There are 2 protein chains.
Amino acid sequence: MSLRHSLLGLLAEQPRTGYELTRLFDESLLNVWPASHSQIYPELAKLAADGLIRQTASGSRGKKVYAITPEGLDEVMAWLRTEPDHSTKNPSFLRVFFLWLMEPEDAVAFLEREELEHEAKLREFEAKAELPVRDTSREWAFRLALDWGVRYEREMLEWNAWARRVIEERRTPAGSARARR
Amino acid sequence: MSLRHSLLGLLAEQPRTGYELTRLFDESLLNVWPASHSQIYPELAKLAADGLIRQTASGSRGKKVYAITPEGLDEVMAWLRTEPDHSTKNPSFLRVFFLWLMEPEDAVAFLEREELEHEAKLREFEAKAELPVRDTSREWAFRLALDWGVRYEREMLEWNAWARRVIEERRTPAGSARARR
DNA sequence: CGGGCCATGTAATTTGTTACATGATTCC
DNA sequence: GGAATCATGTAACAAATTACATGGCCCG
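This structure is a prediction, so every number in the text was calculated from the model and none was measured. (Residues numbered from 1 in each chain as written. Chains lettered and ligands numbered in written order. Predicted model: local features only at pLDDT ≥ 70, side-chain atom pairs only at ≥ 80, totals over all residues. Heavy atoms only, no water.)

Asker: Help me out: how do you make sense of the overall build of chain A in this one?
Answerer: Tallying secondary structure elements over chain A gives seven helices and three strands in all. The linear arrangement of helices and strands in chain A, starting from the amino end, is α-β-α-α-β-β-α-α-α-α. Relative to the compact-globule value of 16 Å for 181 residues, chain A shows a C-alpha radius of gyration of 22 Å, a clear excess of over 25%. By principal-axis analysis of the C-alpha atoms, chain A measures approximately 75 × 35 × 35 Å. A total of 181 residues make up chain A; the buried ones form 47% of that total. When the accessible surface of chain A is summed, it comes to about 9,400 Å², and 52% of that surface belongs to carbon and sulfur atoms. Distance between charge centroids for chain A: 3 Å, based on 27 positive and 30 negative side chains. (Helix = DSSP H or I, 4+ residues; strand = E, 2+ residues; numbered from the N terminus. Rg over C-alpha atoms; globule rule 2.2 N^0.38 Å. Buried < 20%, exposed > 50% of the residue type's maximum accessible area, 1.4 Å probe, protein only. Areas by Shrake-Rupley, 256 points an atom, 1.4 Å probe, with all protein chains shown as cover. Lys, Arg positive; Asp, Glu negative; His and termini not counted. Charge placed at Lys NZ, Arg CZ, Asp CG, Glu CD.)

Asker: What is the right way to read the packing of aromatic side chains from this model?
Answerer: The description of an aromatic ring pair rests on the distance of the ring centres and on the angle between the ring planes. By the definition in use, this model includes 15 aromatic pairs over all chains. Taken together, a centroid distance of 6.2 Å and an interplanar angle of 65° make the contact between Phe98 of chain A and Trp79 of chain B edge-to-face. Here Phe98 of chain A, found in the loop between α5 (91-94) and α6 (104-130), pairs with Trp79 of chain B, found in helix α4 (residues 70-81), and the two come from separate chains. By relative accessible area, which is 0% here, Phe98 of chain A ends up buried. A network of ring pairs unites the aromatic residues Phe93, Trp148, Tyr152 and Trp159 of chain A together with Phe93, Trp148, Tyr152 and Trp159 of chain B as a single cluster. The ring of Phe142 of chain A carries Arg138 of chain A above its face, with NZ or CZ at 4.5 Å from the centroid. Between Lys89 of chain B and the ring centre of Trp33 of chain A, over which it is positioned, the NZ or CZ distance is 5.1 Å. (Phe/Tyr/Trp six-rings, centres within 6.5 Å; stacked < 30°, edge-to-face > 60°. Lys NZ or Arg CZ within 6 Å of the ring centre and 35° of its normal.)

Asker: Before we go on, may I ask you to explain the side chain of Asn90 of chain B in this structure?
Answerer: Residue placement: Asn90 of chain B occurs in the loop between α4 and α5 (91-94). Accessibility expressed as a relative area gives 14% for Asn90 of chain B, which makes it buried. Residues in contact with Asn90 of chain B, not counting those within four places in the same chain, are Val32, Trp33 and Thr88 of chain A together with Tyr152 of chain B. (Contact = heavy atoms within 4.5 Å.)

Asker: Help me understand the protein's contact with DNA strand D in this model?
Answerer: Neighbouring DNA strand D are 18 residues; Ser38 of chain A together with Tyr19, His37, Lys63 and Lys64 of chain B lie closest to it. Near the protein, within 4 Å, the atoms of DNA strand D are sugar or phosphate in 66% of cases. At 3.0 Å from a sugar or linking oxygen of DNA strand D is found a side-chain nitrogen or oxygen belonging to Arg61 of chain B. When residues of the surface near DNA strand D are traced back to their parent elements, those giving at least two are α3 (37-49) of chain A together with α2 (18-29) and α3 (37-49) of chain B. Sort the elements by how many residues they give to the surface near DNA strand D and α3 of chain B lands first, with four residues. Each residue belonging to the surface near DNA strand D can be placed in one class, and the counts come to five nonpolar, eight polar and five charged. (Near = heavy atom within 4 Å. Polar contact = N/O pair within 3.5 Å; in protein donor to acceptor, adjacent residues only side chain to side chain. Nonpolar A, V, L, I, M, F, W, Y, C, P; charged D, E, K, R; others polar.)

This is the structure:
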């Protein structure tokens, strides 16, 4: 139901087309809830059928503008009051649990590649954070999320560097006798 | 394919039953890749049919012990060398993007409930980190992951407190004229 | 007039969730 | 004897991914 509710949330701000919503997902929600147009268009049709949104205009190239209805607004608000599911999947971090299967140098190489990813993400978030803040309600909420992104990536980089040191130390235990079982 | 490969990864350490694998998922992989028995049992059957694992024993109560085959080991190793998908879904954090739809006090209440969750997770991780480390390869890899969990939860708590301050300040802009547009 | 972007959809397949279903063993 | 835990499965449904499919508009 998350896709459904995030669409409603984005439409609560202003009417938009499926295409605009698709781009918004890619720009802002990508890191918490990725969704592609092939999922968005059918869901918009369902939302309209359920009376939670309604097509208010159409333009050239078959463009369809949707607006949220009062029922739709009630629905998002109710969703926001529900207890979120805290489970997450992290395909990249999953590999860390299996790092022990690799040779130390391969494990380090993996972490180095991950480091590049996180550095890129961090730069992306920091660049966005530099942009002037329009002090609208939506903007500050997005800012809160952006700030979390920056913190997350920084922490990930610190952890990454630390993890590599741990692996290197295990490989060549400095000073002490090899303590492996 | 992540479920498939994490099963192989766990079986690379030692032979196990579907039931044991289910518990291992709940104990250690829950935070990166949740999976239930209803997904695990059919996947084990497929892995066996594909020759990546093989049933090596059976016990009372219909117990089936599976062991990884050389082909299965090749498969995990190959997976570990592939570039991971960095997309993640976070149903709880998704709501932060829509915090602006709520009244400030509701947004703060939401963050306070989240704080409790993260405090609980942090305590859980810290308790696990207290446990004696057996210096096996698998153990240290799990340690690396556990350490990330602790860092993540601490950072989340800091962000959470900061976010609440931002919301409070927006509600009652101290000293300065209300700057909302 | 061609490439890029705007714009919307469907279909097939894979993954994942929830509920249903059953039964053995162990411990109190 | 009854509750908890061990132990394995299937079925129905929902969600998500990947590929297929089409066409208009605008700019150079």
